[in-house]
Amino acid sequence: MILTRGARVTGAVLCAALALIVAGWVVRDVRAADGIEHLWHYWAGFRDARMSLGPTTSPYDVVLCVVYLAVAVAALRSSVAGAALVAAGVLTLVVRLPGLWNIGQPRMDTRFVDDLRTRALLCAFASLAAGVALIITAAAGRRAPHDPSETVPARPGQGAGVIAFLFLGAAGAVTIAWEIRQAVRVPYIYPDWFLGGDRIFQGLTDPPPGWFTAVLALLCLFAAASALFRAVHARPFGLIAAALLLGGGGLGVARSVHEKLLENFADLPIEAQLTVATGFFEVLAGAAVLLALALPGPAAPPPLPGQGYGQGYGYPRPGVFGPPPPSQPPPGW
């Protein structure tokens, strides 16, 4: 199935609106941090980073903004526009949903003024509505191809699917392993780690850290399984997962370089070494999956005669022998 022109334009507009919402909050934090460099240091977790005002975003918001812009372009030009809109809609819903019960919590009163919290709550509702609208647009705008020349959704290539499966599956497993390790070491932060609370710190518009980690792990595993079976939706979901891995891993690498952990890597405890190595692995996994899935594989086979293009007798598929189509419909048609 492909999307109608109206559905493509609507999806692109919705993604552009979501990108503007995220960009607006990032600009607010840049101003609050007196520059992008200070905000970057704070996001990366540098020990010497300071901000006079609490941040409303995280570095993943920059990744989300890029994802929305990429999906907006894909909605207008890509053969997997429908799957891309669904992926963006699902991601928006799961990321913005915790804001409904966290933004208005009393613990936010001491860090953010009422006007800012009100705007954040309105943006959360608007983002959720846009996420639902993206999924509805993708579902309602589907249609069968009317002409053999129309580009049908392309699946990942066989090699690309295997690469995405291996890297995304490993990244999902590593993420879950670190979550289990944290649960053993600091069990007192739960359930606030997943749902939000006084025991953890989060930006005003962002989900709790554990919630986002769970979303990332599930996204990686789902995209890995989809890539293994070369599903059409594997490319957009896999590319989004890869972008998030690349962003998070890049922050880890930057922190390791800034704190000079690489220079003293041999002297670090085993767990610290694994933490540093995880950042580099996420960069590698994200880059490998992006390269593997960026280009489409072979297109899906054309429809059988009588199942597409609006004709009852259509052209035979490649490799299927048969008489050429009649120049005129048979008598009585």
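The preceding data block contains the structure.
Bear in mind that the values here come from a model prediction, so they are computed numbers and not experimental data. (Residues numbered from 1 in each chain as written. Predicted model: local features only at pLDDT ≥ 70, side-chain atom pairs only at ≥ 80, totals over all residues. Heavy atoms only, no water.)

Chemist: Can you break down the overall build of the protein residue by residue, with the values?
Modeler: Assigned secondary structure in the protein consists of 11 helices and 2 strands. Secondary structure elements in the protein, listed N-terminal to C-terminal, are β-α-α-α-α-α-α-β-α-α-α-α-α. Expressed as a percentage of the 333 residues in the protein, the buried residues total 44%. Partitioning the intrachain contacts of the protein with sequence separation of at least 6 by distance along the chain shows that 74% fall at a separation of at least 24. Here the protein has roughly 16,900 Å² of accessible surface; of this, 67% comes from carbon and sulfur atoms. (Helix = DSSP H or I, 4+ residues; strand = E, 2+ residues; numbered from the N terminus. Buried < 20%, exposed > 50% of the residue type's maximum accessible area, 1.4 Å probe, protein only. Contact = heavy atoms within 4.5 Å. Areas by Shrake-Rupley, 256 points an atom, 1.4 Å probe, with all protein chains shown as cover.)

Chemist: Provide a residue-level description of the packing of helix 3 (residues 59-77) against helix 4 (residues 81-96), including the pertinent values.
Modeler: At a minimum axis separation of 9 Å, helix 3 and helix 4 run at an interaxial angle of 155 degrees. As judged from the angle between their axes, helix 3 and helix 4 are roughly antiparallel. Relative to helix 4, helix 3 is oriented so that their crossing is left-handed. Of the residues in helix 4, those touching helix 3 at Asp61, Leu64, Tyr68, Val71, Ala74 and Ala75 are Ala81, Ala84, Leu85, Ala88, Leu91, Thr92, Val95 and Arg96. (Axes fitted to C-alpha atoms, helices over the stretch in contact; angles between N-to-C directions. Parallel < 35°, antiparallel > 145°, perpendicular 65-115°, else oblique. Left-handed = near helix turned anticlockwise from the far one by under 90°.)

Chemist: Report on the pattern of salt bridges, specifying residues and quantitative values.
Modeler: Opposite charge on two side chains allows them to pair when their charged atoms are near. If you walk through the whole model with that rule in mind, you get 9 salt bridges. Arginine 117 serves as the salt-bridge partner of aspartate 114, at 2.3 Å between the closest nitrogen and oxygen. Of the two residues, aspartate 114 and arginine 117 both sit in helix 6 (residues 114-140), 3 residues apart, roughly one turn of that helix. Arginine 199 serves as the salt-bridge partner of aspartate 192, at 3.2 Å between the closest nitrogen and oxygen. Among the ionic contacts, a cluster of salt bridges with common partners joins Asp61, Arg96 and Asp206. (Salt bridge = Lys/Arg side-chain N within 4 Å of Asp/Glu carboxyl O.)

Chemist: Quick one: what's the story with the environment of glutamine 202, residue by residue and with numbers?
Modeler: With respect to the helices and strands, glutamine 202 occurs in the loop between helix 8 (192-195) and helix 9 (209-228). On the accessibility criterion, glutamine 202 (3% relative accessible area) is buried. As for glutamine 202 and threonine 56, which are separated by 146 residues in sequence, their C-alpha atoms are 8.1 Å apart. A distance of 2.8 Å separates a polar atom in the side chain of glutamine 202 from the backbone oxygen of aspartate 206. (Polar contact = N/O pair within 3.5 Å; in protein donor to acceptor, adjacent residues only side chain to side chain.)

Chemist: Describe helix 1 (residues 5-32), and please don't skip the residues or the numbers.
Modeler: In this model helix 1 runs 41 Å from its N-terminal to its C-terminal C-alpha over 28 residues, within 8% of the 40 Å that 1.5 Å per residue would give. Positive backbone phi, approximately 60 degrees, marks aspartate 34, located one or two places after helix 1. (Expected span 1.5 Å × (residues − 1).)

Chemist: Break down the packing of helix 4 against helix 10 (residues 234-258) for me, citing the residues and quoting the values.
Modeler: Across the interface, helix 4 lies against helix 10 with an axial gap of 8 Å and an inter-helix angle of 45 degrees. Considered as vectors, helix 4 and helix 10 are oriented oblique to each other. Residues Ala83, Ala84, Val86, Ala87, Ala88 and Leu91 of helix 4 form the contact with helix 10, whose participating residues are Pro236, Phe237, Ile240 and Leu244. Counted by class, the contact of helix 4 with helix 10 contains 10 nonpolar, no polar and no charged residues. (Nonpolar A, V, L, I, M, F, W, Y, C, P; charged D, E, K, R; others polar.)

Chemist: Give a detailed account of the nonpolar core, specifying residues and quantitative values.
Modeler: Ranked by internal contacts, the top residues of the largest apolar core, which has 55 residues, are Leu85, Leu168 and Leu244. The residues contacting leucine 85, other than those within four sequence positions of it, are Leu3, Ala7, Gly11, Cys15, Val71, Ala75, Leu134, Thr137 and Ala138. Counting residues in hydrophobic clusters, the runner-up holds 8 residues, among them Met108, Phe112, Leu116 and Leu204. (Core = buried A, V, L, I, M, F, W, Y, C linked by side-chain atoms within 4.5 Å.)

Chemist: If you had to explain the packing of aromatic side chains to someone new, which residues and values would you point to?
Modeler: According to the stated counting rule, one finds 4 aromatic pairs in the structure shown. Centre to centre, the rings of tyrosine 60 and phenylalanine 212 are 4.3 Å apart; their planes meet at 40 degrees, and the pair counts as tilted. Residue tyrosine 60 is found in helix 3, and its partner phenylalanine 212 is found in helix 9; the two are separated by 152 residues along the sequence. Phenylalanine 212 gets classed as buried once you look at its relative accessible area, which sits at 10%. Ring centres of tyrosine 190 and phenylalanine 194 lie 5.5 Å apart, and the angle between their planes is 40 degrees; this geometry places the pair in the tilted category. (Phe/Tyr/Trp six-rings, centres within 6.5 Å; stacked < 30°, edge-to-face > 60°.)

Chemist: A description of unusual backbone geometry should follow, citing residues and the corresponding values.
Modeler: Note that the residue after tyrosine 190, namely proline 191, is joined by a cis bond; omega there is 5 degrees. Phi is positive for aspartate 34, which is not a glycine, with a value near 60 degrees. Along the chain, aspartate 34 turns up in the loop between helix 1 and helix 2 (36-44). Here arginine 230, not a glycine, exhibits a phi torsion of approximately 55 degrees, which is positive. Looking at where arginine 230 falls in the secondary structure, it is placed in the loop between helix 9 and helix 10.

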